[in-house]
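Here is what each chain is made of, one letter per residue.
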Amino acid sequence: MKILFASAECVPFVKTGGLADVVGALPKEIRKAGNDVRVILPLYKAIDKKWRDQMEQLFYFYINLGWRHQYVGVKSLVFEGTTYYFVDNEQYFGRDYIYGDNTGGDEGERFAFFSRAVLEALPKLDFVPDVLHCHDWQTGLIPILLKAQFKHLELYKNIKTVYTIHNLQYQGIFPISIIEELVSLGGWAYTSENLEFFGMCSFMKGGIVFADEVTTVSPTYSREIQEQYYGEKLDGLLRSRVDHLSGILNGIDTVIYDPANDPMVAVKYNADNFSSKVENKTALQAELGLRVDPNAPMIGIITRLADQKGLDLVECVLEEILATGAQLVVLGMGESKYVDLFSWAQWKFAGQVSANFQMNNELAHKIYAASDLFLMPSRFEPCGLSQLISLRYGTLPIARETGGLRDTVLSYNQYTGEGNGFTFLNYNAHDMLHVVERAVDMYKNDRDTFNGLAIRAMRGLYGWDQSAMKYVDLYTGLVAPAPMMVESAPVVEEASVAEAAPVVEEKPAAKKPARKKAAPKAEGEAPAKKAPAKKAAPKAEGEAPVKKPRAPRKKKETEA
């Protein structure tokens, strides 16, 4: 099969969050199953020169975007066996940021351009996909543009679409007038059944309504978003598409995230020499200005600083968490109130808290390797990758049971010994605090059990192997069912046709004599049409005589 991923970001080229990790890792695993998988994304200014120098200019063309006649350049490079295409337009992507607030500026125009550019580039590429896999709101217009404006063309008619929701909260909502002026779909597209969303146009809704299959990044999240609390006002729509909605758990790239071979950590280690892990802690303590103490439990937080991530719970009980004696290392960017919170904590608890407001991949690897515990109290979490990475590094998660966290973190059971972390269910600060205290207490007073859990966590399977095959099955079901259905459906239909066929074939023979005898009774052709309708009904004993040829035939058969 040929599969094309369309995404706003992808590692190792450009990243703002977990979407980039998924789009970077998943194609490699799908390709191992013998499929041709490629990726197309915007050529942002942020993409490093080392990648740009490797790109080949394939072609350029122009597209119409409303009254605009816009340049589209397409470049490509092959990285680790996967072909990547980059859509070039300096006006839209030559900026100092990747993408910003999806409710303002010209974000709608930028990704309307990208969506049309992807579709119009296909005839010029030596690659027509069987499946076009679109990711998140930035590509939500692709399925509707494909069906409304391209499906009648021979090259596009067999392309199927899969749309993956990575985070339903970010929907790409813009004024209808602006989007229609760009894409020219027509008024039908902006009804409540299609793109209209409370008087606006929702890119996310477009993907959900018009894609052939919709997926989320964990089984639990696919169920949660059908509920009002998690559904972001799209729960009804998602319930209506339940037969085409599935959750496939994300994985991580186990080559990039491998403590035994990670070049970014101070000391490499694995489950067999787990005792070496502590050296990463002392190295990071020294680097960040924390009190160097190998026995001080370290809690890591690597996240976008936002309410969704449960940081309001942390704010409520931050001092109580630090009262356990644990050190706290925070890495992330986001809302100013949380920047202020952790800045204050770093000042108030000098030597115990380190706050780092940046995107720093190397520091992230060091935190995963150095920490003993990893805090993820998310209000909702479509999948989450950080808990998978922390498990891979033998750092036990403290997570709320929601979305992908519920699917991947099993709370330690002291009676059975099962588990790979610590969890709490209710979105409550003191429930979270109780679990933090329990985890820290185990680290301090039952180190053997704690280390045993960490070693078990390291030996877990967190790669894309199984999930990639689920995607392959999904693609196969889209591309292959037509022959299967055509094979079975006609068998039933042919049987009924076979029964009806003799009746149809007898009609011509029956009509000739019927006309000879019926003519005198009907007193002309015109009355013949009316008279049978009035008089034949009782004689035919039912409504069958509505079909005029049958009434004479039955009359004939009776006479015979």
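For clarity, every value in this text was computed on a predicted model and none was experimentally measured.

### Some points on the overall build of the protein
Part 1 of the reasoning: Check the secondary structure of the protein and you find 21 helices and 18 strands.
Part 2 of the reasoning: Of the contacts formed within the protein by residues at least 6 apart in sequence, a portion of 71% connects residues at least 24 apart.
Part 3 of the reasoning: Carbon together with sulfur atoms contributes 53% to the accessible area of the protein, which is approximately 25300 Å² in total.

### Looking at the environment of phenylalanine 174
Part 1 of the reasoning: With respect to the helices, strands and loops of the structure, phenylalanine 174 is situated in strand β8 (residues 173-175).
Part 2 of the reasoning: With 23 residues separating them in the primary sequence, phenylalanine 174 and phenylalanine 197 have C-alpha atoms 9.4 Å apart.

### Focus: the pairing of strand β17 (residues 396-400)
Part 1 of the reasoning: With 5 of its 5 residues buried, β17 lies for the most part within the structure.
Part 2 of the reasoning: Across the two faces of β17 the burial is the same, with Leu396, Ile398 and Arg400 and Pro397 and Ala399 all buried.
Part 3 of the reasoning: Here 4 bridges tie strand β16 (residues 373-376) to β17, and the two strands are oriented parallel to one another. For leucine 375, the partnering residue across the bridge sits in β17 and is isoleucine 398.
Part 4 of the reasoning: Strand direction decides the pairing type here: β17 and strand β18 (residues 422-424), joined by 3 bridges, are parallel.

### Some details on the side chain of histidine 166
Part 1 of the reasoning: Turning to its location among the elements, histidine 166 is positioned in the loop between β7 (160-165) and β8.
Part 2 of the reasoning: Look at histidine 166 and you get buried, because its relative accessible area is 10%.
Part 3 of the reasoning: Within polar-contact distance, the side chain of histidine 166 engages the side chain of histidine 135 at 2.9 Å.
Part 4 of the reasoning: Residues in contact with histidine 166, not counting those within four places in the same chain, are Leu19, Val22, His135, Asp136, Val217 and Pro382.

### Observations concerning the pairing of β16
Part 1 of the reasoning: Of the two faces of β16, the one holding Leu373 and Leu375 and the one holding Phe374 and Met376 are both buried throughout.
Part 2 of the reasoning: Across 2 bridges, the pairing between strand β13 (residues 298-302) and β16 is parallel. Bridging from a neighbouring strand, glycine 300 pairs with phenylalanine 374 of β16.
Part 3 of the reasoning: Regarding the hand of the β-α-β motif, the stretch spanning β16, helix α14 (residues 386-392) and β17 is right-handed.

### Considerations on the pattern of salt bridges
Part 1 of the reasoning: Evaluated as defined, the whole model comprises 24 salt bridges.
Part 2 of the reasoning: Glutamate 120 serves as the salt-bridge partner of arginine 116, at 3.7 Å between the closest nitrogen and oxygen. In this pair, arginine 116 and glutamate 120 are both assigned in helix α4 (residues 107-121), 4 residues apart and thus about one turn of the helix distant.
Part 3 of the reasoning: Given the relative accessible area of 21%, glutamate 120 is considered partly exposed.
Part 4 of the reasoning: Among the salt bridges present, the one from glutamate 362 reaches lysine 366, with a minimum N-O distance of 3.5 Å. Of this pair, glutamate 362 and lysine 366 both sit in helix α13 (residues 361-370), separated by 4 residues, roughly a single helical turn.
Part 5 of the reasoning: A single network of salt bridges, built from pairs that share partners, joins Lys28, Glu80 and Asp253.

### A closer look at the sheet that holds strand β10 (residues 200-202)
Part 1 of the reasoning: Here 3 strands make up an open sheet; going across it, the order is β8-β10-β9 and the pairing antiparallel. Single-partner strands in this sheet number two, and they are β8 and β9 (196-197).
Part 2 of the reasoning: Direction of pairing for β9 relative to β10: antiparallel, over a ladder of 2 bridges. Following the sheet pairing, phenylalanine 197 is matched in β10 by methionine 200.

### Considering the confidence of the model for the protein
Part 1 of the reasoning: For the protein, per-residue confidence averages 88 on the pLDDT scale, and residues scoring 70 or more make up 85% of the total.
Part 2 of the reasoning: With pLDDT under 50 throughout, residues 483-560 is counted as low confidence; its partners more than four residues away or in other chains account for 26 contacts.

### Some words on the packing of aromatic side chains
Part 1 of the reasoning: Evaluation of the coordinates by the stated rule reveals 29 aromatic pairs.
Part 2 of the reasoning: Their ring planes at 85° and their centres at 6.3 Å tell us that tyrosine 60 and tyrosine 62 sit as a pair that is edge-to-face.
Part 3 of the reasoning: A relative accessible area of 54% means that tyrosine 60 is categorised as exposed.
Part 4 of the reasoning: For tyrosine 62, a relative accessible area of 43% corresponds to the partly exposed category.
Part 5 of the reasoning: Directly above the ring of phenylalanine 198 sits lysine 233, whose terminal nitrogen or CZ lies 4.9 Å from the centroid.
Part 6 of the reasoning: Sitting over the face of the ring of tyrosine 443, arginine 447 holds its NZ or CZ atom 3.8 Å from the ring centroid.

### Quick word on the side chain of glutamate 9
Part 1 of the reasoning: With respect to the helices, strands and loops of the structure, glutamate 9 is situated in the loop between β1 (2-6) and α1 (18-32).
Part 2 of the reasoning: An unpaired buried charge is present at glutamate 9: no salt bridge exists, and lysine 15, the closest side chain of opposite charge, is 7.4 Å distant.
Part 3 of the reasoning: Polar side-chain contacts of glutamate 9 include one of 3.1 Å to the backbone nitrogen of glycine 17.
Part 4 of the reasoning: If we skip the residues at most four places from it in the chain, glutamate 9 touches Val14, Lys15, Thr16, Gly17, Leu19, Ala20, Val23, Leu41 and Tyr99.

### A closer look at helix α18 (residues 465-479)
Part 1 of the reasoning: The terminal C-alpha atoms of α18, which comprises 15 residues, lie 21 Å apart, in line with the 21 Å expected from a rise of 1.5 Å per residue.
Part 2 of the reasoning: Restricting attention to buried positions, one finds in α18 the residues Ser467, Ala468, Tyr471, Val472, Leu474, Tyr475 and Leu478. Buried residues of α18, seen end-on, are gathered within an arc of 160° and therefore sit on one face of the element. The exposed set on the far side of α18, more than 90 degrees from its buried face, consists of Asp465, Gln466 and Asp473.

Conventions we followed
- Residues numbered from 1 in each chain as written.
- Predicted model: local features only at pLDDT ≥ 70, side-chain atom pairs only at ≥ 80, totals over all residues.
- Heavy atoms only, no water.
- Helix = DSSP H or I, 4+ residues; strand = E, 2+ residues; numbered from the N terminus.
- Contact = heavy atoms within 4.5 Å.
- Areas by Shrake-Rupley, 256 points an atom, 1.4 Å probe, with all protein chains shown as cover.
- Buried < 20%, exposed > 50% of the residue type's maximum accessible area, 1.4 Å probe, protein only.
- Pairing = 2+ DSSP bridges.
- Polar contact = N/O pair within 3.5 Å; in protein donor to acceptor, adjacent residues only side chain to side chain.
- Right-handed = clockwise from strand over helix to strand, strands pointing away.
- Salt bridge = Lys/Arg side-chain N within 4 Å of Asp/Glu carboxyl O.
- pLDDT = per-residue confidence, 0-100.
- Phe/Tyr/Trp six-rings, centres within 6.5 Å; stacked < 30°, edge-to-face > 60°.
- Lys NZ or Arg CZ within 6 Å of the ring centre and 35° of its normal.
- Lys, Arg positive; Asp, Glu negative; His and termini not counted.
- Expected span 1.5 Å × (residues − 1).
- Arc of directions from axis to C-beta.

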